[in-house]
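What follows is each chain in one-letter form.
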Amino acid sequence: MAQSNIEWTEMTWNPTTGCDKISAGCKFCYAEIMSKRLQAMGLEKYKDNFEVRIHEEALDTPYTWKTSKVVFVNSMSDLFHKDIPLEFIKKVFKVMNNNPQHVFQVLTKRSERLLELHTELKWTHNIWMGVSVENNTVTNRIDSLRNTNARVKFLSLEPLLGPLPDLNLENIDWVIVGGESGHKPRPMDADWVIDIQEQCKKNDVAFFFKQWGGKNKKAAGRLLNGRTYDEMPEIELQRSV
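None of the values given here were measured: they were computed from a predicted structure.

Asks: I'd love a proper account of the pattern of salt bridges, names of residues and values included.
Replies: For the structure on display, the rule yields 15 salt bridges. A salt bridge links Arg 110 to Asp 20, with the shortest nitrogen-to-oxygen separation between them at 2.8 Å. With Arg 110 in the loop between strand S6 (103-108) and helix H3 (111-117) and Asp 20 in the loop between strand S3 (16-17) and helix H1 (30-40), this pair connects stretches of sequence that are 90 residues apart. One salt bridge in this structure joins Glu 180 and Arg 186, with 2.7 Å as the shortest N-O distance. No difference in accessibility class separates Glu 180 from Arg 186, as the two residues are buried. Among the ionic contacts, a cluster of salt bridges with common partners joins Glu 7, Glu 158 and Lys 210.

Asks: Describe the nonpolar core, listing the residues and the values that go with them.
Replies: Membership of the largest hydrophobic core comes to 50 residues, with the highest contact counts inside it found for Trp 13, Phe 80, Leu 157, Val 175, Val 177 and Ile 196. Ignoring sequence-local partners within four residues, the contact set of Phe 80 consists of Ile 89, Phe 93, Val 106, Thr 108, Arg 110, Arg 113, Leu 114, Leu 117, Leu 121 and Met 129. Core analysis: the next-biggest nonpolar cluster, separate from the first, contains 12 residues, Val 70, Leu 107, Phe 154 and Trp 174 among them.

Asks: If you had to explain the pairing of strand S5 (residues 70-73) to someone new, which residues and values would you point to?
Replies: When a strand is regular, its side chains alternate between the sheet's two faces. In S5, alternate side chains face the same way, and those of Val 70 and Phe 72 on one face and Val 71 and Val 73 on the other are all buried. Pairing of strand S2 (residues 11-13) with S5 involves three bridges; the strand directions are parallel. Bridged to Trp 13 within S5 is Val 73. Alignment of S5 against S6, held across four bridges, turns out to be parallel. Each bridged residue has a counterpart across the sheet, and for Val 73 the counterpart in S6 is Val 106. Following the chain from S5 across helix H2 (residues 86-97) to the adjacent parallel S6, one finds a crossover that is right-handed.

Asks: Please set out the packing of aromatic side chains residue by residue, giving values where relevant.
Replies: Where two aromatic rings form a pair, the distance of their centres and the angle of their planes describe that pair. Applying the stated criterion to the full structure yields 11 aromatic pairs. On the basis of an interplanar angle of 80° and a centroid distance of 5.5 Å, the ring pair of Trp 128 and Trp 174 is categorised as edge-to-face. Of the two residues, Trp 128 is situated in strand S7 (residues 127-132) and Trp 174 in strand S9 (residues 174-178); the sequence distance between them amounts to 46 residues. Under the relative-accessibility criterion, Trp 174 is labelled buried at 0%. With a centroid separation of 5.3 Å and 50° between ring planes, the pair formed by Phe 154 and Trp 174 is classed as tilted.

The rules we used
- Residues numbered from 1 in each chain as written.
- Predicted model: local features only at pLDDT ≥ 70, side-chain atom pairs only at ≥ 80, totals over all residues.
- Heavy atoms only, no water.
- Salt bridge = Lys/Arg side-chain N within 4 Å of Asp/Glu carboxyl O.
- Helix = DSSP H or I, 4+ residues; strand = E, 2+ residues; numbered from the N terminus.
- Buried < 20%, exposed > 50% of the residue type's maximum accessible area, 1.4 Å probe, protein only.
- Core = buried A, V, L, I, M, F, W, Y, C linked by side-chain atoms within 4.5 Å.
- Contact = heavy atoms within 4.5 Å.
- Pairing = 2+ DSSP bridges.
- Right-handed = clockwise from strand over helix to strand, strands pointing away.
- Phe/Tyr/Trp six-rings, centres within 6.5 Å; stacked < 30°, edge-to-face > 60°.

So this is what it looks like as structure tokens:
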């Protein structure tokens, strides 16, 4: 586990690592870049760089946390990658099921496999399931998510690479929007963000604006309409049993 600088979570937990690119949002993958750095630092977990790997030893970690956490699961991977066996995904879900005092945020671009497997998994209240949607070519991911048994469903529109004027937000609880950062970030138009914020307000969906991005994301900040948007779904926690 690690404390996280990601604005919408507290920490990260990576029972799997590694991935590969499947759509436009993957072009400048942060996890791939970070994996190379961690490999260079000699971390055993990243000795195979960005090859998909499962880490059985990581399954014990959430049981050791003393206080309730909001946790981004697999910031360095995609739990629904085709090379991650269903049996291991079930093990990850069992850990999340057994720790109702924490919120686990799972995010995937592989919505087809998510939909295929969702009935095999136990969706307790503390598992928030999300899909990444960077432009209009992959909005089908939202429909896949909507049809799962996840109790809390969210969208990560990051990096936002184009307008999304007709989002179907039915049964969606939360929307995160962010621009791309890095050395050669693709631009994000303010009108795209404002339109999404207005759609969320109209549909009573929590809206979180993460960042404008750019080469210097700290300087660009995260103000929209002169304010920050840090809305989240209501967190429901239970004591561990």
